Amino acid sequence: MAFKPTRNQTIGVQPLGVVPSTGLRDMSNVLNKMSQNFDIMRQQDRQTLFNEAVLEAELAGKTAVKFEDGKVKPITSMEYNPDMFYGADKAQVQSVFKKALIQTYKTAFANDVSDVAENAALDNPANPDGVTAIMDEYRSNVDMLPDELKSEIMPTFLSAFGRAERFTRSQLLDKVRTEGIASSQLRINRIFNEKINHHLV
């Protein structure tokens, strides 16, 4: 190997007959940048697909609640299978679906159960057993719901029918009290009349 003088070079010694490798380094840098750009594009694509799947799951959760004759229909399944390329995001999308479904069902159920309980109280004045019978009939629909959903709506159910039952029990107490007062008044009047008749005789 021969060497040429290196007075004007900063490297010092440069071998002759060897091609400089700066082209390979440049090519490596370009490939590295392409790889980084591809990763960025892949992440953006994944985020876009995830965002679209979340919106679709939320919409599907809200539209899964159905009504029949103005009453909310019981839901038998909370399963949702999003068609996703990235499996790691599937659980999050299913969670969004369940959350939207539960929230929508809770709202619809609260309105429905309040109406049913209120009508039960109005249709059965001073008759708590009538309200209890309607509550038991309605509960059969609640018992068909998935456990996760049932645990969310049970407090609303118990609260609505509890108010209706307390209302009818208070009506029953008022009725008994009023009848008791009327009966006592009759008894007092009869005793008073007997005393007057007794003194007149």
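Residues numbered from 1 in each chain as written. Predicted model: local features only at pLDDT ≥ 70, side-chain atom pairs only at ≥ 80, totals over all residues. Heavy atoms only, no water.

### Description of the overall build of the protein
Okay, so step 1: The helix and strand inventory of the protein stands at four helices and two strands.
Okay, so step 2: Walking the protein from its N terminus toward its C terminus, one meets helices and strands in the order α-β-β-α-α-α.
Okay, so step 3: When the accessible surface of the protein is totalled, it reaches about 14,600 Å², and 55% of it is carbon and sulfur. (Helix = DSSP H or I, 4+ residues; strand = E, 2+ residues; numbered from the N terminus. Areas by Shrake-Rupley, 256 points an atom, 1.4 Å probe, with all protein chains shown as cover.)

### A word on unusual backbone geometry
Okay, so step 1: Within the chain, Ala126 stands out as a residue other than glycine whose phi angle is a positive 60°.
Okay, so step 2: Examined against the element boundaries, Ala126 turns out to sit in the loop between α2 (90-123) and α3 (128-143).
Okay, so step 3: The exposure class of Ala126 is buried, given its relative accessible area of 17%. (Buried < 20%, exposed > 50% of the residue type's maximum accessible area, 1.4 Å probe, protein only.)

### A few points about the nonpolar core
Okay, so step 1: Ranked by internal contacts, the top residues of the largest apolar core, which has 34 residues, are Val93, Tyr105, Phe109, Tyr138, Leu149, Phe157 and Phe161.
Okay, so step 2: Secondary structure elements with two or more residues in this core: α1 (22-63), α2, α3 and α4 (147-200).
Okay, so step 3: The element contributing the most residues to this core is α2, with 12 residues.
Okay, so step 4: Leaving out residues up to four positions away in the same chain, Val93 has contacts with Phe50, Ala53, Val54, Ala57, Tyr80, Pro82 and Met84. (Core = buried A, V, L, I, M, F, W, Y, C linked by side-chain atoms within 4.5 Å. Contact = heavy atoms within 4.5 Å.)

### Thoughts on a nonpolar patch on the surface
Okay, so step 1: Together, Leu24, Met27, Val30, Leu31 and Met34 make up an exposed nonpolar region whose accessible area comes to about 520 Å².
Okay, so step 2: As for its placement among the helices and strands, Met34 is situated in helix α1. (Patch = residues over 30% accessible without salt bridge, like charges linked within 9 Å, V, L, I, M, F, W, Y side chains within 5 Å. Salt bridge = Lys/Arg side-chain N within 4 Å of Asp/Glu carboxyl O.)

### With respect to the pattern of salt bridges
Okay, so step 1: Following the criterion strictly, the structure yields eight salt bridges and no others.
Okay, so step 2: Lys150 is paired through a salt bridge with Asp147; the nearest N and O atoms lie 3.8 Å apart. Of this pair, Lys150 and Asp147 both sit in helix α4, separated by three residues, roughly a single helical turn.
Okay, so step 3: The buried category is assigned to Lys150, whose relative accessible area is 18%.
Okay, so step 4: Given a relative accessible area of 60%, Asp147 falls into the exposed group.

### Side note on the packing of aromatic side chains
Okay, so step 1: One pass over the full model with this rule turns up six aromatic pairs.
Okay, so step 2: When the centroid spacing of 6.2 Å and the interplanar angle of 20° are considered together, the rings of Tyr105 and Phe109 count as stacked. A residue pair is termed a helical-turn pair when its members lie 3 or 4 positions apart in one helix, as Tyr105 and Phe109 do in helix α2 at four residues.
Okay, so step 3: Note on Tyr105: relative accessible area 2%, which makes it buried.
Okay, so step 4: In this structure Phe109 comes out as buried when scored by relative accessible area, which is 2%. (Phe/Tyr/Trp six-rings, centres within 6.5 Å; stacked < 30°, edge-to-face > 60°.)

### Regarding the confidence of the model for the protein
Okay, so step 1: Counting all residues, the mean pLDDT for the protein is 84, and 87% of those residues have values of 70 or more.
Okay, so step 2: Predicted confidence in the protein is weakest over α4, with a mean pLDDT of 82, and strongest over α2, with 91. (pLDDT = per-residue confidence, 0-100.)

### Notes on the layout of surface pockets
Okay, so step 1: As a volume, the largest pocket reaches approximately 350 Å³.
Okay, so step 2: Around the largest pocket sit 19 residues that line it, and Lys71, Asp112, Val116, Tyr138 and Asn141 are the ones nearest its centre.
Okay, so step 3: Mapped onto the lining of the largest pocket, the elements with two or more residues apiece are β2 (71-72), α2 and α3.
Okay, so step 4: Tallying contributions element by element places α2 first for the lining of the largest pocket, with seven residues.
Okay, so step 5: Of the residues in the lining of the largest pocket, the class split is 10 nonpolar, two polar and seven charged.
Okay, so step 6: Of the voids in this model, the second largest pocket is the one considered here, and its volume is about 150 Å³.
Okay, so step 7: Along its surface, the second largest pocket is lined by Leu49, Glu52, Ala53, Glu56, Tyr80, Pro82, Asp83, Met84, Phe85 and Tyr86.
Okay, so step 8: For the lining of the second largest pocket, the residue count by class is seven nonpolar, no polar and three charged. (1 Å grid on protein atoms, 1.4 Å probe; cavity = no way out; pocket = protein on both sides within 12 Å on 5 of 7 lines; lining within 4 Å. Points joined across faces, edges and corners; volume = space filled by probe spheres on them. Nonpolar A, V, L, I, M, F, W, Y, C, P; charged D, E, K, R; others polar.)

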